[in-house]
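# Remarks on the overall topology
Okay, here's what each chain looks like letter by letter:
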Amino acid sequence: MVDYDLQDIQERCRDLILSEEQLVEVKQRLETELNRGLSKEDHEDASVKCFITYVADLPDGTERGNFLALDLGGTNFRVLLIHLGQNCFDMKSKIYAVPQSIMLGTGEGLFDHIAECMANFMEEQGVLYEELPLGFTFSFPCQQEGLTKATLVTWTKGFKCAGAEGKDVVQMLKDAIKRRGDIKIDIMAVLNDTTGTLMSCAYKKHNCRVGVIVGTGANACYVEKLENTGTWKGPRGPKAPQRMVINTEWGAFGDNGVLDFIRTVYDDEIDQNSINPGKQQFEKMISGMYMGELVRLVLVKLVQENLILGGHGSDMLFQRGNFFTKYVSEIEGEKKGEYNSCRMVLEELGLGHANDRDCAAVRYVCECISRRAAFLTSAGVSCLLDRMGESDVTVAVDGSVYRFHPHFHDLMMLKIGELSPHIQFDIMLSEDGSGRGAALVAAVACRLER
Ligand code: GLC
């Protein structure tokens, strides 16, 4: 195995490597932002909104029944039919694409599409005439006024459907179903994917208190004491809930400039070319929607400075969006010094002229970007763990980046351990939180209704 001298490349990537002090600073700044989001006076202007989810009861494992679930929030839309039985979790589901034309169309168009997929699915499953309880995982920032009322505050992750912001998405779904007139459903709850992830894990692990998504977007929720939530408008006191799941929406951390001290020229470029400039700054440094593009921007810079590929790029490389986030996982999944996948990726990008040193450099860039994402996520989790102050906590995580990146889990274990040395924690992949979690929140709501 040859070890290449990548000093010049490392020098160029220095800004992407966060020091211990910087991560501690990120963690402290997040703490300040969380407090602002939760405070009655500061909430309005806060960038990290800390929305109240109205999910106060975690599942205890006794939930039973048949449920429908909808999952909208990433590149796909899913409809699920879930049976919760004793020790069993039976699930049928179907994935439907959300075409770009719908993502950028109107709110009505989006919800008509959702209702249509749902009706098709119910017919296929033979439940067209049943009125099943439904949990709706809608993974965008929403101001909730109850379990079944959620006003969309702003679109994220490449969605921009006109006429939906400021509206209650449950009502929009009901209206779309009414327009069709062929199905009936009983919407029990609307929730964020982070909440679903937390619930799905809490069903098995009773010390689960945090749900994290590192997928198309990046976000986390956690269990907060009600006394710390100044924005809670409901009853307080011994008969009121004592705790509440808070959807932090930490993807928007930094939108007020507090992360400028670590943002790089690449982050600026990502932001400026996005459909929501100035928004979701933390998310743009972490999530799968931007990770591959960040790598591409660094590579372009290195080519332009004649530091890799003999100074020769390709049309493909120079075009936005062509370096997929899954490439990062593929390239880093190889043993050090082996470049088969890396070569395949580079060939796909019209860079067949890459030599081994170029491959080593590309891998190095991928590592810088993915480590930074894992460490920033860890700083966030560590902040939540310190805040809750419980001694032994399970953190539920889901999302394509966490799932498919070969080292993300280990990097998080390492960094959270360093940043929160006195807290015992574990990180668990939450199997299909958006689907199961929706059924569980609906189930808990049914249980309480009864
Ligand atoms: C975006 C959404 C947030 C969601 C996250 C992960 O940040 O705003 O609601 O949880 O993506 O899907």
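Quick caveat, the model's predicted, so the values are computed rather than measured. (Residues numbered from 1 in each chain as written. Predicted model: local features only at pLDDT ≥ 70, side-chain atom pairs only at ≥ 80, totals over all residues. Heavy atoms only, no water.)

Pairing within the open sheet is mixed, and its 6 strands lie in the order 1-11-10-9-12-13. If you trace the sheet from one side to the other, it starts and ends with strand 1 (51-52) and strand 13 (424-429), each paired once. Strand direction decides the pairing type here: strand 10 (residues 218-225) and strand 11 (residues 243-247), joined by 5 bridges, are antiparallel. Each residue of the ladder has a partner; that of Cys221, found in strand 11, is Asn247. Lying over the sheet, helix 6 (residues 193-202) contacts strand 9 (208-214), strand 10, strand 11, strand 12 (392-398) and strand 13, oriented at roughly 135° with respect to strand 9. Docked against the sheet, helix 15 (residues 408-419) engages strand 9, strand 12 and strand 13, running at close to 165° with respect to strand 13. (Pairing = 2+ DSSP bridges. Helix = DSSP H or I, 4+ residues; strand = E, 2+ residues; numbered from the N terminus. Contact = heavy atoms within 4.5 Å. Axes fitted to C-alpha atoms, helices over the stretch in contact; angles between N-to-C directions.)

In this section: unusual backbone geometry. Unlike most non-glycine residues, Cys50 shows phi in positive territory, near 50°. Looking at the element boundaries, Cys50 is found in the loop between helix 2 (20-38) and strand 1. In this structure Cys50 comes out as buried when scored by relative accessible area, which is 1%. In this structure, Asp432 is a non-glycine residue whose phi angle is positive, near 45°. Checked against the element boundaries, Asp432 lands in the loop between strand 13 and helix 16 (433-449). (Buried < 20%, exposed > 50% of the residue type's maximum accessible area, 1.4 Å probe, protein only.)

Let us now look at helix 16. The terminal C-alpha atoms of helix 16 lie 23 Å apart, and with 17 residues this matches the ideal 24 Å at 1.5 Å per residue to within 8%. Across the 17 residues of helix 16, 14 count as buried, placing the element largely inside the fold. (Expected span 1.5 Å × (residues − 1).)

Time to look at the side chain of Asp358. Looking at where Asp358 falls in the secondary structure, it is placed in helix 13 (residues 356-388). Among buried charged residues, Asp358 stands out as having no salt bridge; its nearest opposite-charge side chain is Arg357, 4.6 Å away. (Lys, Arg positive; Asp, Glu negative; His and termini not counted. Salt bridge = Lys/Arg side-chain N within 4 Å of Asp/Glu carboxyl O.)

Moving on to the site of the ligand. Taken together, 15 residues form the shell around the ligand, and within it Lys157, Asn192, Asp193, Glu249 and Glu283 come nearest. In this structure, Asp193 approaches the ligand through a side-chain N or O atom, which is 2.5 Å from an oxygen atom. Burial of the ligand by the protein amounts to 98% of the accessible area it has alone, namely 310 Å². Grouping the constituent residues of the shell around the ligand by class yields 4 nonpolar, 7 polar and 4 charged. (Near = heavy atom within 4 Å. Polar contact = N/O pair within 3.5 Å; in protein donor to acceptor, adjacent residues only side chain to side chain. Areas by Shrake-Rupley, 256 points an atom, 1.4 Å probe, with all protein chains shown as cover. Nonpolar A, V, L, I, M, F, W, Y, C, P; charged D, E, K, R; others polar.)

Turning to the sheet that holds strand 2 (residues 65-72), a few remarks are in order. Spatial ordering of the open sheet is given by 4-3-2-5-8, a layout of 5 strands whose pairing is mixed. Either end of the sheet is taken by a strand with one partner, and the two such strands are strand 4 (88-97) and strand 8 (185-191). Pairwise comparison of adjacent strand axes, ignoring direction, gives a mean angle of 20° for this sheet. As defined by bridge partners, strand 2 adjoins strand 3 (residues 76-85) across 8 bridges and the pair is classed as antiparallel. Bridging from a neighbouring strand, Asn66 pairs with His83 of strand 3.

Let us now look at the packing of aromatic side chains. Taken as a whole, this structure holds 14 aromatic pairs when the rule is applied. An angle of 45° between the planes, with centres 5.4 Å apart, marks the rings of Tyr54 and Trp232 as tilted. Separated by 178 residues along the polypeptide, Tyr54 in the loop between strand 1 and strand 2 and Trp232 in the loop between strand 10 and strand 11 bring together distant segments of the chain. Since its relative accessible area comes to 24%, Tyr54 is described here as partly exposed. Here Trp232 falls in the buried class, since its relative accessible area comes to 9%. An angle of 70° between the planes, with centres 5.5 Å apart, marks the rings of Phe89 and Tyr203 as edge-to-face. (Phe/Tyr/Trp six-rings, centres within 6.5 Å; stacked < 30°, edge-to-face > 60°.)

Under the defined criterion, the tally for this structure stands at 29 salt bridges. Ionic pairing is found between Glu25 and Arg29, a salt bridge with its closest N-O pair at 2.8 Å. One end of the pair, Glu25, and the other, Arg29, are both in helix 2, 4 residues apart, so they sit about a helical turn from each other. By relative accessible area, Glu25 is classed as partly exposed at 28%. What you see here is one network of salt bridges that share partners, running through Glu20, Lys415 and Glu418.

Just distances and angles here, no functional claims.
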